[in-house]
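Each chain is listed here by its residues.
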Amino acid sequence: MTYQETLDYLFNSLPMYHRIGKAAYKADITNTVQLMQHLGNPERKFRTIHVAGTNGKGSVSHTLASVLMQAGYKVGLYTSPHLVDFRERIRINGQKIPEQQVTDFVAQHKDFMQGMDLSFFEMTVGLAFDYFAAEQVDVAVIEVGMGGRLDSTNVITPDLCVITNIGFDHTQFLGDTLPKIAAEKAGIIKPGVPVVIGESHPETRPVFQQKAEAVGAPICFADDKYRIVEVPHEPTLDDTDLKFTVQINSQINCHGDTPQFSILNSQLTHPCDTPQEVRQPNSQFSILNSQLKCPLSGSYQLRNLATLFQALEILPQVGYNITLENIEQGIARVVSDTGLHGRWEKMDVQPLTVCETAHNADGVGAMLEKLSQLPYRHLHLIYGCVNDKDYRHILRMLPQERTTYYYTQPSVPRALPVAQLADAAQELGMAGSSFPTVGEAIEHVRSIADKTHDLVLVTGSIFLVADAVGYYTSRPPL
């Protein structure tokens, strides 16, 4: 088969969640375990870091990979879903898996995959792990697809587990309360493996603590210790880079044996032989005594960075060699190192057009916080989503002052039809124009927006952002 024929087979023959939704979801990792055995257990042949969470796991995974690359490691990165090219899911040192590697893997294992009735995601995990093992990566950063406990990636025994946060998403699979969702994501916690929880919450904190204690896993909550503070500045419309400093909170909670570790010109000591609360004096520091700059934007990235710093503090304790310069450069180069897209990504400048993958209430809330800081004259909001999201609730969250709406739909079978979305918006008093594709919506907005003072925002679904990225890739901005 050619590469295109191989893709057609994968997309059309194997159940694919992002295309058909619930029918492709398997609440079981038995198939993945058997696939790993068939492949010779490649997941045991390289070190791993496992990253889960409702929001932020993609940004944290990419930034961790970038820091490790800057430290000289050969780094595999597995993420999902892809935006434009299937091969975005599987990278080594930022380079996408070669087309021939995909074609050869499918040709070699097609009969087995069909016999096992594997899903698209299960097959992709097998492809990634087989490729990482064959290329002898030093470490692979593995992003969970959904949940954690029953996710196909949960066949690894990592050096570190990271869970960014807990919010309401995929509730039909993971549960309808925060503790239930947390329990599913806590399923990645392994015996004796350190775990970082990015954001603590009164309802979910006990869930993680109990699971960690049950399996003897050292656990830390990043927001107990780290606070990332944006550098004060006069906001401009073109605020697409984040400048920040790092602070250490005076109140530190740490469970498990956490030895002394030097980071960012500051000695941090956590004498936590048993679960306890440790007090330290306030201190503020910044890498190399300078302010950091991150090419990602949005206030939510401050929380992601706190999670990142807590993870980076632990990695040397499990054998990684990371310098302060590696951290600074890894953050600064995350986009160029890893190909990360869709996180408040600037696509055009006249008018300023930004894509944001916010697709659930927590993500939208963080996006709105960023919007509130920008001095735009008028907002042109292009919105579309898939059919299993609580779109009515999200529509109610969106701004109405100085805002015009343009409704559309992503080009996947799970898309919420634009007519249904527009009708719901009309009922909520949020009438707008409708377009069959995001490209047509962008073309229309480009023709009417004030090129100097207006802001165009494309959001609602990672798949809609994928379509927008594809549009700009095939037709560069004027």
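Fair warning: this is a prediction, and the values are worked out from it, not measured in the lab.

S.K.: Help me understand the overall build of the protein, please; the structure alone is not making it clear to me.
M.R.: Helices and strands together make up the secondary structure of the protein, namely 18 helices and 22 strands. Contacts in the protein between residues at least 24 apart in sequence constitute 77% of all its contacts with a sequence separation of at least 6.

S.K.: I would appreciate a short explanation of the packing of helix α4 (residues 57–70) against helix α11 (residues 300–314) in the present structure.
M.R.: Their axes nearest at 10 Å, the elements α4 and α11 cross at an angle of 45°. By the angle between their axes, α4 is oblique relative to α11. With respect to the hand of their crossing, α4 and α11 are arranged in right-handed fashion. Contact with α4, carried on its side by S59, V60, T63, L64 and V67, involves Q301, N304, T307, L308, A311 and L312 of α11 and no other residues of that element. Looking at the contact of α4 with α11 residue by residue, the class counts come to 6 nonpolar, 5 polar and no charged.

S.K.: How should I be thinking about the nonpolar core in this particular structure?
M.R.: Burial of nonpolar side chains together is a common tendency in soluble globular proteins. Of all hydrophobic cores here, the largest spans 40 residues; its most connected members are I49, L64, L68, F244, F309, L315 and I331. It is α11 that contributes the most residues to this core, 8 residues altogether. The next biggest cluster of nonpolar side chains, apart from the first, holds 35 residues, and it includes F86, V106, A128 and F132.

S.K.: Looking at this structure, how should I read the pairing of strand β5 (residues 139–143)?
M.R.: One face of the sheet, then the other: side chains in a regular strand alternate in exactly this way. Buried residues dominate β5, accounting for 5 of its 5 residues. By the alternation rule, side chains of β5 split into V139, V141 and E143 and A140 and I142, which are all buried. Here 5 bridges tie strand β1 (residues 47–52) to β5, and the two strands are oriented parallel to one another. Residue pairing in the sheet places T48 in a bridge with A140 of β5. In this structure, strand β2 (residues 75–78) lies alongside β5, joined through 4 bridges in parallel fashion. Its bridge partner being in β5, L77 is matched across the sheet by V141.

S.K.: Explanation requested: the pairing of strand β6 (residues 160–163) in the structure shown.
M.R.: Because side chains alternate across β6, one face comprises the buried residues L160 and V162, and the other comprises C161 and I163, equally buried. For β6 and strand β7 (residues 195–197), the ladder comprises 3 bridges, and the chain directions are parallel. By the bridge assignment, V162 is partnered in β7 with V196.

S.K.: Looking at this structure, I do not really get the side chain of T403. What am I missing?
M.R.: Note on placement: T403 falls in strand β20 (residues 403–407). A residue is classified by how much of its surface remains accessible, and T403, at 12% relative accessible area, is buried. At a separation of 2.9 Å, a polar atom in the side chain of T403 contacts the main-chain carbonyl oxygen of E401. If we ignore the near neighbours within four places in the chain, the residues touching T403 are H378, L379 and L381.

Rules behind the numbers
- Residues numbered from 1 in each chain as written.
- Predicted model: local features only at pLDDT ≥ 70, side-chain atom pairs only at ≥ 80, totals over all residues.
- Heavy atoms only, no water.
- Helix = DSSP H or I, 4+ residues; strand = E, 2+ residues; numbered from the N terminus.
- Contact = heavy atoms within 4.5 Å.
- Axes fitted to C-alpha atoms, helices over the stretch in contact; angles between N-to-C directions.
- Parallel < 35°, antiparallel > 145°, perpendicular 65-115°, else oblique.
- Left-handed = near helix turned anticlockwise from the far one by under 90°.
- Nonpolar A, V, L, I, M, F, W, Y, C, P; charged D, E, K, R; others polar.
- Core = buried A, V, L, I, M, F, W, Y, C linked by side-chain atoms within 4.5 Å.
- Buried < 20%, exposed > 50% of the residue type's maximum accessible area, 1.4 Å probe, protein only.
- Pairing = 2+ DSSP bridges.
- Polar contact = N/O pair within 3.5 Å; in protein donor to acceptor, adjacent residues only side chain to side chain.

By themselves these figures say nothing about function.
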